[in-house]
Amino acid sequence: MSEVSTCFHCGDPIPAGETRSVVIDGSPRPVCCAGCEAVASLIAGSGLENFYRYRTGPSARPQDPSDGPDEWDAFDRPRVQQSFVRELSGGQREAALLIENLSCAACAWLIDHCLRRLPGVAEVTVNPASGRALIRFDPAQVQVSTLMRNLARLGYRPHPVGAGQAESAAQRERHAALKRLVVAGFGMMQVMMFAVGLYFGAFTGIDEVYQELLRWVSWAMATPVLFYSAWPFYKGALRDLQARRVGMDVPVALGMTIAYLASCWQTLTRGHEVYFDSVTMFVFFLLVGRYVEMAARHKAAAATDVLTALIPPTARRVIDGAEERVAVEELEIGDVVAVRAGETVPADGRIVWGQSRFDESMLTGESLPQARGLGDTVVAGSLNVANPIQLRVEQTGQNTVLSTIGRLLDRAQAERPRLARVADWIAGRFVIGVLLIAAAVAAYWLPRSPEMALLTTVAVLVVSCPCALGLATPVALVAATSRLTREGLLTVRGDALENLAKVTHVVFDKTGTLTEGRIAVDEVRPLGALDADRCLRLAAALERHSEHPIAKAFTEIETDDRAEDVVVTAGAGLEGIIDGRRLRIGTAEFVAALSGAPLPAADQGGDSWIALGDERGVLALMRLADRVRPDTKAVLDELRGLGLHLEIASGDSHEAVSALAQRLGIRRFSARMTPADKLTRIRELQAAGAVVLMVGDGINDAPVLAGADVSAAMGSGTALAQTSAAMVLLGESLTPLVQGVRTARMTTRIIRENIGWALSYNATTIPLAAIGVLTPWMAAIGMSVSSLVVVINAMRLSRRRRTEVCPPAALPGAVSEVS
Amino acid sequence: MEILFFMIPLGVVLVAFAIWAFFWAVGNGQFDDLDTPAYQILLDDDQPQPQKKANEERKEEP
């Protein structure tokens, strides 16, 4: 539809009058800027056009290619390399990098191929799942800075990964878990196969010698399962016992050991029955559950790493008035650092020279830049948007506000979901219970009829289905989570679904949640001869020449005008000539000064107004505001339909919040809320018995998100909000939230059904087996069917019903949608 | 049925081999990234050959 007007590389709209294009696959493709042109030609020129064919979405817009090369040079210092470059044998080195914008397999391929072309690069491993790359290179032939510069040139900014310890720990854990799982799986299949032979033998007769053979082979297969695969359960049980408490691992370990030892004894003494099959199956199903949990935990942890990406890799240290590029790792408390306009603040500190405005949207979610002057503190990760400043470093690296919050989150994520713990607990008790019943049955029948004792004991053990119990919860959780992920709601915490099902109140943040979180032109008030549309186009033509965040509000506006001789006055605005007419855009004072006209009166109230004027007077006032997401209203209505109470808690001005609340039909709202206020409000609601879902965006929401019973963060918001939240909305839309609540409710219902089914199945069949009505072969069928019922029931969760899917109707358009 | 004395141990040996192969694969990083390799087969053509494609199209014409 809009293929002509969007950049082939980054997908941004192409500014009017931009004629750049790159020939790819034999036809010219339009691009939006010099950066995209450079990258696209680089890709095409290296014969890597396939990238465009297989990438899953538009690429990141690269930074200005003229960006000084000195930024990366700091990484050639040995002291800086200590943290992320490893010495390998044979004189080679390996650099671990975290890479921004690494979104799909095609990106990984592109990076791989581009880097391999450099002389001295031996091997490149790119993992799009974790956003990391390992590059093996020969330091004699290629410099680390060259590698990083090449990545940045492609639009993938690299960041050194501190020793990569966290990653390798996670990887080791995953490898170990996979191996344990597979040993248990193979063991289970083999032992089951032999068990079939043994069961058959039990009815139709089997030669003693074959029975012996099958039993010994079963023992051989079950032993590694018990001592290798089930090792984590023993370790957990031991830890629990040392701490003098009975966790879920104790009964599990006990049950497995008793069943295993009893089977060994029976094998040695040529006794009645072996239970190796039950033991291995039990271990396998428990391990599957644990593995799924672990994968979810790791995925959440990977999101935390993105935090480091907020801090720039290098900084300008000022010593005796001279600037020097150093890596951020080298900064020490008390150093003075220069931060130019357009750069990110590298460390927490206090401004010692100059004043400027800072885009803290990464930290606070508020989209308008905040003014900071001499003596004010600025936080690492915020973007300096106006003037150069210098600051004295007060906290670096590990101690910055950003990193501290990140560490807290890491710790919080290590916990296991409660539902899974409960399931383990039930399964553990259950196994012990079944073993006791089996022992009792054997003890009862043995003096009466040894024949029946054998059959009934076997039947009890077989018919009891710990798998149905063990599977009931994890299968339902996995089905629900994967379905929600497909629909755009990522579950980070295991408890999220359980709590979401119980939610009664939803509290929304305003900026970036109900609204889009970026500035757009919301209203144009013409004051002169020109109409609103014309003024907008003139403004847009001027703003094309600005890198200021406000200019982003104009990028969607198409214009045929071209501005010339544009001069930027920092902190005031832009001046330029369009069709011979001298125009200014910016603050009212700045614009009015051009014509000497009186200052136009603008409404106040938290909104930001900018003016456009020429030498004769002010032409128009434009209000910049944050637009409401296109699907917000529909989502709120649906949530209300689900019986939820809605509320807004925002840090914004009272006027702005009440206007929005009215428009969306929300009765309860509170404005000018600090994070602490928001938390208090949530506590109030909770004290009144409500279960609160907080939907937010921004680092200052982190404590609030953590305080709510369950929380969701916008994926377009900051990485930190994502990690402290229990769930993340992956797209730019609130719609998945509705599906989330529905699915969560259905999940808890299905888990309850499953556990109910498993328990009632066992409650009816075990007594039948005990009195000898059920024969072992009926029991075997019953057990399989019981497991199947549980799994099939859970699979209902992943089935999509058409009526439930309601995608946001329209894409956010351009000016036409401005109200 | 004496064949069982050969077949069952053989099965055990095969399982042992399968587990060994799997361990090797895990250690070798084969399971670290399950998404990219699916694309590799499409992408690994280093030199796209527009020339060849054009030739093929020409061949189809008559």
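Bear in mind the structure is a predicted one, so any value in this text is a computation, not a measurement.

Points about the overall build of chain A
Now for step 1: Along its length, chain A carries 27 helices and 29 strands.
Now for step 2: If you take every contact in chain A between residues at least 6 apart in sequence, the share linking residues at least 24 apart comes to 67%.

Quick word on the overall build of chain B
Now for step 1: Per the secondary structure count, chain B includes 3 helices and 0 strands.
Now for step 2: When burial is assessed residue by residue, chain B has 5% of its 62 residues classed as buried.

So, the environment of Leu490(A)
Residue and element names in this part refer to chain A.
Now for step 1: Assignment of secondary structure puts Leu490 in strand S17 (residues 489–491).
Now for step 2: Using a count of 22 C-beta atoms within 10 Å as the deciding quantity, one classes Leu490 as buried.
Now for step 3: Between the C-alpha atoms of Leu490 and Leu729, which are 239 residues apart in sequence, the distance is 6.3 Å.

Remarks on the sheet that holds strand S9 (residues 322–327) of chain A
Residues and elements named next belong to chain A.
Now for step 1: Reading across from one edge, S9-S8-S10-S16-S11-S14 is the order of the 6 strands in this open sheet, with antiparallel pairing throughout. The sheet is open, and its two edges are formed by S9 and strand S14 (377–378), each paired on a single side.
Now for step 2: With 5 bridges connecting them, strand S11 (residues 348–353) and strand S16 (residues 389–395) associate as antiparallel partners. In the sheet register, Trp353 faces S16, and the bridge partner there is Gln390.

A short note on the nonpolar core
All names here are of chain A.
Now for step 1: In terms of nonpolar packing, the biggest core is built from 116 residues, with Val279, Val283, Ala476 and Leu693 touching the most fellow members.
Now for step 2: When residues of this core are assigned to their parent elements, the largest contribution, 11 residues, is made by helix H26 (residues 736–770).
Now for step 3: Of the domains in this structure, domain 3 (169–302 + 415–477 + 776–796) and domain 5 (480–515 + 629–746) are the two that each give at least three residues to this core.
Now for step 4: Once you skip the residues sitting within four places of it in the chain, Val279 turns out to touch Ala222, Leu226, Met256, Ala259 and Tyr260.
Now for step 5: Formed by 66 residues, the second largest nonpolar core is a distinct cluster that contains Val22, Phe51, Val85 and Ala95.

Structural notes on unusual backbone geometry
Residue and element names in this part refer to chain A.
Now for step 1: Here Asp579, not a glycine, exhibits a phi torsion of approximately 50°, which is positive.
Now for step 2: In this structure, Asp579 sits in the loop between strand S21 (573–578) and strand S22 (581–586).
Now for step 3: The backbone of Arg672 sits at a positive phi, close to 50°, despite the residue not being glycine.
Now for step 4: Its location among the elements puts Arg672 in the loop between strand S26 (668–670) and helix H23 (675–687).

As for the sheet that holds strand S27 (residues 692–696) of chain A
Residue and element names in this part refer to chain A.
Now for step 1: Here 7 strands make up an open sheet; going across it, the order is S17-S29-S28-S27-S18-S25-S26 and the pairing mixed. At either margin of the open sheet sits one strand with a lone partner, and together these are S17 and S26. Taking each pair of neighbouring strands and ignoring which way they run, the sheet shows an average axis angle of 20°.
Now for step 2: Strand direction decides the pairing type here: S27 and strand S28 (residues 710–714), joined by 4 bridges, are parallel. Paired with Gly696 across the bridge in S28 is Ala713.

Some thoughts on helix H8 (residues 208–229) of chain A
Now for step 1: The end-to-end C-alpha distance of H8(A), which contains 22 residues, comes to 31 Å, matching closely the 32 Å that a straight helix rising 1.5 Å per residue would cover.
Now for step 2: Burial in H8(A) covers these residues: Leu214(A), Arg215(A), Val217(A), Ser218(A), Met221(A), Ala222(A), Val225(A), Leu226(A) and Ser229(A).

A short note on the environment of Asp697(A)
Now for step 1: Locating Asp697(A) in the fold gives a position in the loop between S27 and helix H24 (702–707).
Now for step 2: A residue is classified by how many C-beta atoms lie within 10 Å of it, and Asp697(A), with 31 of them, is buried.

Quick notes on the pairing of strand S12 (residues 356–359) of chain A
Residue and element names in this part refer to chain A.
Now for step 1: Neither face of S12 is left uncovered, since the one carrying Ser356 and Phe358 and the one carrying Arg357 and Asp359 both have all their residues buried.
Now for step 2: Relative to strand S13 (residues 370–372), S12 runs antiparallel, the two sharing 3 bridges. Paired with Arg357 across the two strands is Ala371, which belongs to S13.
Now for step 3: In this structure, S12 lies alongside strand S15 (residues 383–384), joined through 2 bridges in antiparallel fashion. Bridging from a neighbouring strand, Asp359 pairs with Leu383 of S15.

Quick look at the packing of H8(A) against helix H1 (residues 4–27) of chain B
Now for step 1: It is the contact of H8(A) with H1(B), at a shortest axis distance of 11 Å, that shows an interaxial angle of 10°. With respect to their mutual orientation, H8(A) and H1(B) come out roughly parallel. Across the interface between the two elements, Tyr210(A), Leu213(A), Val217(A) and Ala220(A) of H8(A) pack against Leu4(B), Phe5(B), Ile8(B) and Val12(B) of H1(B).
Now for step 2: Along the lines of polarity and charge, the residues of the contact of H8(A) with H1(B) split into 8 nonpolar, no polar and no charged.

Some points on the confidence of the model for chain A
Now for step 1: Per-residue pLDDT for chain A has a mean of 76; in total, 77% of the residues score no lower than 70.
Now for step 2: Segment residues 717–722 of chain A is flagged for pLDDT under 50; beyond a separation of four residues in sequence, or across chains, it makes 29 contacts in the model.

A look at the pairing of strand S20 (residues 564–569) of chain A
Residue and element names in this part refer to chain A.
Now for step 1: Taken across its 6 residues, S20 has 0 buried, putting it largely on the surface.
Now for step 2: As defined by bridge partners, S20 adjoins S21 across 4 bridges and the pair is classed as antiparallel. The partner of Thr569 across the bridge, within S21, is Gly573.

Concerning H23(A)
Now for step 1: For H23(A), built from 13 residues, the straight-helix expectation of 18 Å at 1.5 Å per residue is met to within 8% by its first-to-last C-alpha distance of 18 Å.
Now for step 2: Backbone geometry just downstream of H23(A) places Gly689(A) in the positive-phi region, at approximately 95°.

A closer look at the environment of Ser653(A)
All names here are of chain A.
Now for step 1: Relative to the helices and strands, Ser653 resides in the loop between strand S25 (645–649) and helix H22 (654–664).
Now for step 2: Among the residues examined, Ser653 registers 15 C-beta atoms within 10 Å and is labelled partly exposed.
Now for step 3: Note: C-alpha distance between Ser653 and Arg672 (19 residues apart in sequence) is 5.6 Å.

Here's the deal with the confidence of the model for chain B
Residues and elements named next belong to chain B.
Now for step 1: Summing up the model confidence of chain B, the mean pLDDT is 71 and the portion of residues at 70 or higher is 56%.
Now for step 2: Within chain B, helix H3 (residues 50–60) has the poorest average pLDDT of any element, 42, and H1 the best, 91.
Now for step 3: Interface confidence for the predicted complex, expressed as ipTM, amounts to 0.72; the pTM equals 0.54.

Thresholds, definitions, all that
Residues numbered from 1 in each chain as written. Chains lettered and ligands numbered in written order. Predicted model: local features only at pLDDT ≥ 70, side-chain atom pairs only at ≥ 80, totals over all residues. Helix = DSSP H or I, 4+ residues; strand = E, 2+ residues; numbered from the N terminus. Contact = placed C-beta atoms within 7 Å. Buried ≥ 20, exposed ≤ 12 C-beta atoms within 10 Å, placed from the backbone. Pairing = 2+ DSSP bridges. Core = buried A, V, L, I, M, F, W, Y, C linked by C-beta atoms within 7 Å. Domains from an automatic or database assignment. Axes fitted to C-alpha atoms, helices over the stretch in contact; angles between N-to-C directions. Expected span 1.5 Å × (residues − 1). Parallel < 35°, antiparallel > 145°, perpendicular 65-115°, else oblique. Nonpolar A, V, L, I, M, F, W, Y, C, P; charged D, E, K, R; others polar. pLDDT = per-residue confidence, 0-100.

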